[in-house]
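Letter by letter, the chains look like this.
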6 protein chains.
Amino acid sequence: MGMNQFLQSLSDLETINRAPGYFKFEQHSVAAHSFKVAEVAQFLGDVEEQAGHDINWRLLYEKSLNHDYTERFIGDIKTPVKYATPQLRTMLADVEKSLTANFIENEIPTQFQAAYARRLGEGKDDSLEGQILSVADKVDLLYESFGEIQKGNPEPVYMSIYRESLATILKFKQMACVQYFLSAVLPEMLAADFSDRQKLAELTSDLLKEKQA
Amino acid sequence: MGMNQFLQSLSDLETINRAPGYFKFEQHSVAAHSFKVAEVAQFLGDVEEQAGHDINWRLLYEKSLNHDYTERFIGDIKTPVKYATPQLRTMLADVEKSLTANFIENEIPTQFQAAYARRLGEGKDDSLEGQILSVADKVDLLYESFGEIQKGNPEPVYMSIYRESLATILKFKQMACVQYFLSAVLPEMLAADFSDRQKLAELTSDLLKEKQA
Amino acid sequence: MGMNQFLQSLSDLETINRAPGYFKFEQHSVAAHSFKVAEVAQFLGDVEEQAGHDINWRLLYEKSLNHDYTERFIGDIKTPVKYATPQLRTMLADVEKSLTANFIENEIPTQFQAAYARRLGEGKDDSLEGQILSVADKVDLLYESFGEIQKGNPEPVYMSIYRESLATILKFKQMACVQYFLSAVLPEMLAADFSDRQKLAELTSDLLKEKQA
Amino acid sequence: MGMNQFLQSLSDLETINRAPGYFKFEQHSVAAHSFKVAEVAQFLGDVEEQAGHDINWRLLYEKSLNHDYTERFIGDIKTPVKYATPQLRTMLADVEKSLTANFIENEIPTQFQAAYARRLGEGKDDSLEGQILSVADKVDLLYESFGEIQKGNPEPVYMSIYRESLATILKFKQMACVQYFLSAVLPEMLAADFSDRQKLAELTSDLLKEKQA
Amino acid sequence: MGMNQFLQSLSDLETINRAPGYFKFEQHSVAAHSFKVAEVAQFLGDVEEQAGHDINWRLLYEKSLNHDYTERFIGDIKTPVKYATPQLRTMLADVEKSLTANFIENEIPTQFQAAYARRLGEGKDDSLEGQILSVADKVDLLYESFGEIQKGNPEPVYMSIYRESLATILKFKQMACVQYFLSAVLPEMLAADFSDRQKLAELTSDLLKEKQA
Amino acid sequence: MGMNQFLQSLSDLETINRAPGYFKFEQHSVAAHSFKVAEVAQFLGDVEEQAGHDINWRLLYEKSLNHDYTERFIGDIKTPVKYATPQLRTMLADVEKSLTANFIENEIPTQFQAAYARRLGEGKDDSLEGQILSVADKVDLLYESFGEIQKGNPEPVYMSIYRESLATILKFKQMACVQYFLSAVLPEMLAADFSDRQKLAELTSDLLKEKQA
């Protein structure tokens, strides 16, 4: 029982897909999602810092990188189940805490247990870093749903995911990083150029005229 | 709101993988698992019938075919979570029941609601058909773990799954179909021929001798 | 030679894709198709029963669940080959029958041979259950082609598959279940909401107004 | 109706897998197989030429590159079906011929029809180039089955495929290229080094000693 | 060290994808691309021959089939890197040449080395066959990008790839095969029928009228 | 031109596979690799800190998370190419620097350019954090090659990758984190229990005895 167990288990997160049964055009593993959320959090941290707020960068990276590791032993519990009753939500949170404590006690060597207790605990607390994580998690989900919509996936579920992500981001609308995201990133995303047949025909005809002239 | 919703949703079960993060060599969708469990149940039903027990075949097929449909809106809750405390288990079962009831009320036309309440409810009851379903579900899981072990996957988790499946099957060891499985199917599975380098070299040399003679 | 062979072979049907080279957005295995056809047949059986017709449910499940198992040793013979001449069609049907008989004799234990001869034989006969299977098989194919068209696949072959499936279903238009499908399911499928950029922009702007107000 | 149809269809061959349901570790598309057979034929042609035989290289490349194109509209008919009776075999060959003729007439412009009639016809004739194609097709199949056996796939079907491929190659054992394959290539393939735990532990311990010394 | 090494390595080209990170709907392996380029070159060769030019068919097939084999040990160097400075381009070409020479010396038996030096060298020279290869390589890339655009992939990178492919083809616009491609193939590709919802609804309604009349 | 471009591009790293053509059993995307390297670096940082060295955690996370982002526009240049001559290596490094500078100037808004110049620059410098990154990158590669060897992949290339990774790690053997890895992690990895047939048969027979007793 040492860190080999933990290090080897990272590879499991490469094979667990997010929201199984939903994404049709692109699959996203928990490992890749964790990478993207850490990248988004890093950018949101930049904005907050430039707005004059102190960022505990170690905490921000730690929270975002590790925030979904426990999905490995908890599994993917759908939102309607998780939020069915306040009592169930509390109870599930308790079980997650106790399974995580168990995991740390049994699979992490003593000298690293305190660090992993912090890393694998609930990261979305009221600290500035916890709030940035909450936003970053939804920004990635918003991009994931946009990726499907933009590629022409017609199923209304992506609209729901997009709406729900954006609504959660808006709950933090007093934050500098959310203001920046809404005013400078989101409009750019929505304005992105779409390739289509019409443009293809024009491009071809332009090239032919120009080159054959 | 009519049956189109339900029929189109069947395709979602093709994209939800069982035990994400575990199987490395072969992935199994919930749709394919449901097919295989129904096939296994059909065979176990044959054995029970030949042993003189009455089988309600409609019920047996119905139970096995539909037993995992609700995974679509419940998700994949890992066993240690589900069984953490008796209270949580009861509460999760209640939530599953109420989400299923909701789904039926909102997405199934009135005239079919009674049928789907029966089909999507808990199938593993004390009836002979419910017990056969319990066994068939584990027989498929046992074959799934054997598929990995046999292909050389060294991770000990398959041994655990194999052991747990077999242990559950053994709980029903008084059933004629389990007796048959243990005495006539399992030994055959374990005796299955393994191809290897040694045999490959011999086969090649035999063929060369024979044909070039 | 016992049932292990048959049970283990079920997994092969998970890796055989239907109509290879056609579906681009979603692949469908023979195992998953069999599951879906059995689910569709179950629903069509409900409609027939409510219309006052007796359903032999055991037969209906058995036919639909097992109707493509022999694809494992027959392979995927394209329709234009199969129907090239009446003589060839007869001959291929004879070969399929004899290969199936062979398989049952060599791989199924004696006491189960009669059951599998029935299960693996031609299911689409003139019985009510055989006709429901014919319809269910095409309803699933129609949904499979619709899945591609709806996701924006422009290749005309899906239109042909859709048309051919619907045309076959219409051959059974005197059946209560087909009447129900045409009047209550198909229109719902065609009316399904499509997500698009325009709607995305509106939703975003609505949310922003509402939440930032 | 022009060559666009044909050129665009090449991409279909990228999505048709060979022997669906058999290969577990590596899938092989018809497009990739065609590439490999042409490469193998090129090498076998070298050997024949060095042995003093005249090679019609244009014919050899043409035959090997195009030999499976018609699988696109014929499908994958399993060997036991194809060879069930001499009469069926003849009839299937006739249908293939007539479907190919049809395809050429309807989808290939007049000035290229003669070339494609030659290219899409049966390539495995008695010419030296036809015989090389017969051997090359089986050499690739032999490597495909070896790829599974070498990676530890225990299912006996690969042994059968390996044996059948080698047996067919041996039918041409009077050819210089087959002599070379048997004496200089096959032994090398069978002697290929296998990595294993034992070696891994030794390598690690050697490296540690050497570098930490 | 013999041809086994080379023959077994062909399978590696089945697992190397072209332009990783770009194609979203369809992946193309180097093996499948090589097959398609050889098929396109074969067709372009037909056109040139009918226009009265002599084709060295052996050379044309050899060049097109083998033109990307060295990607196995060179890797996928992005265009902006490759063309950053004339000096770097020359230096990379030198390294490719020397790695190829090395490979041939170490992995190809002496009697085949001359042939593979020719086959694995730069194929896109000023000969008619080298020019056809340059065109064929871009025709396949043009079809690959069209495949994404046509399926609704909105990312502008495909437009760029399409434009760059067409621009390169136009550099050879004096060739008979390019003239034919521009006048007889490209318009057909752009005119290809797109399936859409509107047409689906009409087809359904027509079928229903006709069959239920 | 704003951060949308950068954020959306993160998804491209999910579709770029590492070492294409090498890994057969498990594919690793650049995104997932970046996640794992950051996790490994976090653990190695713990060890260094406990050994009394100061860690700049912000720098360590930043370096490890972003160290392969530029692969998106550089591509995957194989090691023998990169290291062919010192001159080429220098020149490639210069091109990478200038492409990165270009990218930052054109795709990153002014106020974030300094941060991304630091993040996308060469991370493996002589600082403690740079050295930890060098080790972490190879620890992940070592686990990736072990994953193939352990699953029975016989190709000698994994042994080479394993050996080369370990040799690079050993270059840093004076570091506390490398000492810990060699003495406490590596032995555990090599001792990992392998499941096999023998154990399967024993487990089955034990379970049968125990439960049927």
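Residues numbered from 1 in each chain as written. Chains lettered and ligands numbered in written order. Predicted model: local features only at pLDDT ≥ 70, side-chain atom pairs only at ≥ 80, totals over all residues. Heavy atoms only, no water.

Contact residues are listed per partner, giving 23 residues for chain B and 23 residues for chain A. Regarding the contact of chain B and chain A, the summed buried area is about 2000 Å², with carbon and sulfur atoms giving 69% of it. Summed over the shared surface of chain B and chain A, the result is zero salt bridges. Here chain B is connected to chain A by two residue pairs in polar contact (both at pLDDT 80 or more). Of all elements in the fold, only α4 (71-74), β1 (75-77), α5 (79-82) and α6 (86-107) of chain B reach the threshold of two or more residues within the side of chain B that touches chain A. (Contact = heavy atoms within 4.5 Å. Buried area = accessible area lost by both parts, 1.4 Å probe. Salt bridge = Lys/Arg side-chain N within 4 Å of Asp/Glu carboxyl O. Polar contact = N/O pair within 3.5 Å; in protein donor to acceptor, adjacent residues only side chain to side chain. Helix = DSSP H or I, 4+ residues; strand = E, 2+ residues; numbered from the N terminus.)

According to the stated counting rule, one finds 51 aromatic pairs over all chains in the structure shown. Seen from their ring centres, F6 of chain C and Y69 of chain C are 4.9 Å apart, and the 35° between their planes marks the pair as tilted. A residue pair is termed long-range when its members are at least 10 positions apart, and F6 of chain C in helix α1 (residues 3-9) and Y69 of chain C in the loop between α3 (57-66) and α4 (71-74) qualify at 63 residues. Exposure class is identical for F6 of chain C and Y69 of chain C. Each is buried. Over the ring of Y116 of chain B we find R119 of chain B, and its NZ or CZ is 4.8 Å from the ring centre. (Phe/Tyr/Trp six-rings, centres within 6.5 Å; stacked < 30°, edge-to-face > 60°. Buried < 20%, exposed > 50% of the residue type's maximum accessible area, 1.4 Å probe, protein only. Lys NZ or Arg CZ within 6 Å of the ring centre and 35° of its normal.)

With 48 residues of chain E at the interface, the matching set in chain D holds 48 residues. Taken together, the two surfaces of chain E and chain D that pack against each other cover about 4300 Å², and 58% of this comes from carbon and sulfur. Linking chain E with chain D are six salt bridges, by the criterion used here. Linking D46 of chain E and R119 of chain D is a salt bridge whose minimum nitrogen-to-oxygen distance equals 2.8 Å. Counting the contacts that link chain E with chain D gives 14 residue pairs in polar contact (both at pLDDT 80 or more). Looking at the side of chain E that touches chain D, the elements with two or more residues in it are α1 (3-9), α2 (30-50), α3 (57-66), α7 (110-120), α8 (128-150) and α10 (176-191) of chain E. Of all the elements, α2 of chain E adds the most residues to the side of chain E that touches chain D, at 14 residues. For the side of chain E that touches chain D, the residue count by class is 25 nonpolar, 13 polar and ten charged. (Nonpolar A, V, L, I, M, F, W, Y, C, P; charged D, E, K, R; others polar.)

Between the two copies, chain E and chain D, the superposition gives an RMSD of 0.0 Å; the rotation angle is 180° and the shift along the axis is 0.0 Å. One copy is carried onto the other by what is essentially a two-fold rotation axis. Both copies contact each other with a shared surface, as 100% of the interface residues of chain E are interface residues in chain D too. (Least-squares fit on C-alpha atoms with pLDDT ≥ 70 in both.)

Turning next to the relation of the copies chain B and chain A. Once chain B has been moved 0.0 Å along the axis and rotated by 180°, it coincides with chain A to within an RMSD of 0.0 Å. In this assembly, 100% of the residues forming the interface of chain B have copies in chain A that are likewise at the interface, indicating an isologous arrangement.

This part takes up the confidence of the model for chain A. Averaged over every residue, the pLDDT of chain A is 89; residues scoring 70 or more account for 96%. The ipTM value of the predicted complex is 0.92, and its pTM value is 0.87. (pLDDT = per-residue confidence, 0-100.)

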